[in-house]
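# Structure assessment
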Amino acid sequence: MNRIHLTNLLAFVSCFGSTMLLPQASHANTQVMNLSAMDIKVGIQQWGEPQAHTSDAPSASTLKFNTAVTTNADSRLTIKLFKGTKTLTGRVALDSRASPEAAALFSIWAGRVRLWASPLMQRDDPPIPFTLNLSKYGEITLKVDRQAGTAFKCPCDWLDTQFSYTGHEPLTVDKPSRWKNDFVPGAVWRDDKGAPIQAHGGGLLKVGSTWYWVGEDKSKGYNNFVGVHEYSSRDLVHWHDEGVVLPAGSLPSEFRSTGVCERPKIVYNRLTKLFFMWMHLDAHRYSVAEAGLAIAPKPNGPYRYVAAIRPVNNSTFRDMNVFVDRDGAAYLIYAAENNATLYVVRLDRSYGAPRRPEVEGSTWAKIAPGGWHEAPAMWRYGSIYYLIASHTSGWSPNAASLYTAKSPLGPWVYQGNPFKGPDADYTFYTQSTCVIPAPGHPGWFIYMGDRWNPGDLGNSRYVWLPFTITKGSEHFTIKWQSHWNLNHLGKNVNADGERTKHAMGH
Ligand code: DGJ
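Remember, it's a predicted structure, so these values are computed and weren't measured experimentally.

### So, the packing of aromatic side chains
What the rule picks out here adds up to 35 aromatic pairs. Both rings, one in Trp 189 and one in Tyr 462, keep their centres 6.3 Å apart while their planes meet at 70°; by these two values the pair is edge-to-face. In this pair, Trp 189 sits in the loop between β12 (160-164) and β13 (200-207) while Tyr 462 sits in strand β32 (residues 461-468), placing the two residues 273 residues apart along the sequence. Here Trp 189 and Tyr 462 have matching classes, each one buried. Both rings, one in Phe 323 and one in Tyr 385, keep their centres 5.9 Å apart while their planes meet at 90°; by these two values the pair is edge-to-face. Here the residue Phe 323 occupies a position in strand β21 (residues 320-324), and Tyr 385 occupies one in strand β26 (residues 384-391), the gap between them amounting to 62 residues.

Okay, structure coming up:
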């Protein structure tokens, strides 16, 4: 195939109301893709033959696209719509890199009914807007025809199509009711009062048969206007709102309002019989970078602020986690040295302070020096310790890294990116926050990630995915699942949660 001229047809597509997912199709040039993975601010989904893109999608004229999907003409993309999908708005245009002779027609169909068609478009034509009422339809098909008009035959036999959209509206995607007992990564996750859960950068603690989920309440933006919110659950799917257990107002003034409170985690200390919440506390613009500690007599608080410290080496403390080993030894893992290097620091027996005297290699250690990691999540299975971390690109997703070790203090060995499949290089548009053992399923774990929505952080989503580790192995794979159920782990189900011949996760 001659690929000398690449012609890009760009479409800016956004959906209002709840939502769109999972296309199926049979046309020769049609690909099946999971649009739920598109509910992101920045990212690329491939539709058609893969091409290299940066996270900045190309722009058409003055139109700047945040997210793009690429396809080849002539092609079709069928999208199944969740109930309640109301309107699709978008704009289409040829990319400015298109060859001057190239032309294409873009149309949207519901079965055999053509809902909308663009005129024949050429390079430098202004983007054409459209709005469709979709409430009557179960699915729609997006079509691109490169030889739509005889006057403009595309000189190349290759035409590229991109759909781009901000991703803001698909973030309003609600769980379809038939999946109400499933995990639906990327969908709005509501608490028992129907409000979207606000527990970003969060962590879980199990006390008896109850799980507690603490995280950042970003309903008033990224600064710390609200505090740490907590939820409880017995099945990890349905969550009861426990309220704001560490209100922003209870923190020293530099950490509230324009300050920052991120990635809180709670652990239980047997010695003191208290619950310890460690978190990243910071002043405006992340200028202080300290570890915050708050304590409560009960898992659901209220938590009382105790101190903010720099645990070792007087180094900065930002993205963080806490890991408690089988023997009760607890560790803080965090982005130090202005995020260049992860530190792991052993806490004392009370969990209230780093173990002293501080001795590198014995009470604390560096992980991946100069590796620029954030979002650490550490766990143990058998005799191996595992650590997933992201790289540092603000709220934008990047590829995850896996490290393994024989001891929390290392040495830690890089094992590559455990995420596999489309968008694995963007960690499925998520950033790690925690990994827990899947209850009742030895050898299975749940990856908890945040899908940040940088323009509206309170509208960020959670992506929890199951994966399995063969005991003793330093490698495993995390794959995308559009929905999944704890009861099916290890059974024969595919990425859509349907029963198949092949077991998921292997
Ligand atoms: C990425 C971190 O992982 C988040 O917790 C947050 O600190 C953002 N950076 C801020 O840009």
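There is more to say after this.
### Some thoughts on the site of the ligand
Around the ligand sit Glu 262, Arg 263, Tyr 286, Asp 319, Glu 374, Gly 394, Trp 395 and Gln 431, and those are all the residues in its vicinity. Within the side chain of Glu 262, a nitrogen or oxygen atom sits 2.6 Å from an oxygen atom of the ligand. Between Gln 431 and the ligand, the recorded distance is 2.9 Å, taken from a side-chain N or O atom to an oxygen atom. Protein contacts shield 90% of the accessible area of the ligand, which totals 290 Å² for the unbound molecule. Tallied by class, residues from the shell around the ligand come to two nonpolar, two polar and four charged.

### Quick word on the sheet that holds strand β27 (residues 401-405)
Taken together, four strands build an open sheet; the order of strands is β25-β26-β27-β28 and the sheet is antiparallel. A single partner strand is all that each edge strand has here, and the edge strands are β25 (373-381) and β28 (413-414). Bridging between β25 and β26 involves seven bridges; their strand directions are antiparallel. Note that in β26 the partner of Arg 380 across the bridge is Tyr 385.

### A closer look at the pairing of strand β31 (residues 444-451)
Moving residue by residue along a regular strand, the side chains alternate between the two faces of the sheet. In terms of residue burial, β31 counts as a mostly covered element, since eight of its eight residues are buried. Across the two faces of β31 the burial is the same, with Trp 444, Ile 446, Met 448 and Asp 450 and Phe 445, Tyr 447, Gly 449 and Arg 451 all buried. Pairing geometry for strand β30 (residues 431-437) and β31, over six bridges, is antiparallel. Among the inter-strand pairings, Val 435 is bridged to a residue of β31, identified as Tyr 447. Adjacent in sequence and paired antiparallel, β30 and β31 are bridged by six residues, among which Gly 440 carries a positive phi angle near 80°.

### Focus: the layout of surface pockets
In this model, the largest pocket occupies a volume close to 1200 Å³. What lines the largest pocket is a set of 42 residues, and nearest its centre among them are Leu 205, Phe 323, Val 324, Asp 325 and Arg 326. Here the residues of the lining of the largest pocket are counted per class, giving 24 nonpolar, six polar and 12 charged.

### Let's talk about the pattern of salt bridges
A full pass over the atoms with the stated rule returns seven salt bridges. Lys 193 is the salt-bridge partner of Asp 241, the closest N and O atoms lying 3.2 Å from each other. Highlighted residues: Asp 241 in strand β16 (residues 240-247) and Lys 193 in the loop between β12 and β13, separated in sequence by 48 residues. On the basis of relative accessible area, Asp 241 is assigned to the buried category, the value being 13%. The salt bridge involving Glu 337 is made with Lys 366; its shortest N-O contact spans 2.9 Å. Residue Glu 337 is found in the loop between β22 (330-336) and β23 (341-346), and its partner Lys 366 is found in strand β24 (residues 364-367); the two are separated by 29 residues along the sequence.

### What to know about unusual backbone geometry
The step from Arg 356 to Pro 357 runs through a cis peptide bond, and the omega angle for that step is -5°. One can find Pro 357 in the loop between β23 and β24. Omega for the bond connecting Gly 410 with Pro 411 falls within 30 degrees of zero, at 10°, which places this linkage in the cis form. On the secondary structure map, Pro 411 appears in the loop between β27 and β28. Phi at Lys 273 is positive, roughly 55°, even though this residue is not glycine. According to the relative accessible area criterion, Lys 273 is exposed, its value standing at 56%. In this structure, Tyr 351 takes a positive phi of about 70° despite not being glycine. Judged by its relative accessible area of 6%, Tyr 351 is buried.

How each quantity is defined
- Residues numbered from 1 in each chain as written.
- Predicted model: local features only at pLDDT ≥ 70, side-chain atom pairs only at ≥ 80, totals over all residues.
- Heavy atoms only, no water.
- Phe/Tyr/Trp six-rings, centres within 6.5 Å; stacked < 30°, edge-to-face > 60°.
- Helix = DSSP H or I, 4+ residues; strand = E, 2+ residues; numbered from the N terminus.
- Buried < 20%, exposed > 50% of the residue type's maximum accessible area, 1.4 Å probe, protein only.
- Near = heavy atom within 4 Å.
- Polar contact = N/O pair within 3.5 Å; in protein donor to acceptor, adjacent residues only side chain to side chain.
- Areas by Shrake-Rupley, 256 points an atom, 1.4 Å probe, with all protein chains shown as cover.
- Nonpolar A, V, L, I, M, F, W, Y, C, P; charged D, E, K, R; others polar.
- Pairing = 2+ DSSP bridges.
- 1 Å grid on protein atoms, 1.4 Å probe; cavity = no way out; pocket = protein on both sides within 12 Å on 5 of 7 lines; lining within 4 Å.
- Points joined across faces, edges and corners; volume = space filled by probe spheres on them.
- Salt bridge = Lys/Arg side-chain N within 4 Å of Asp/Glu carboxyl O.

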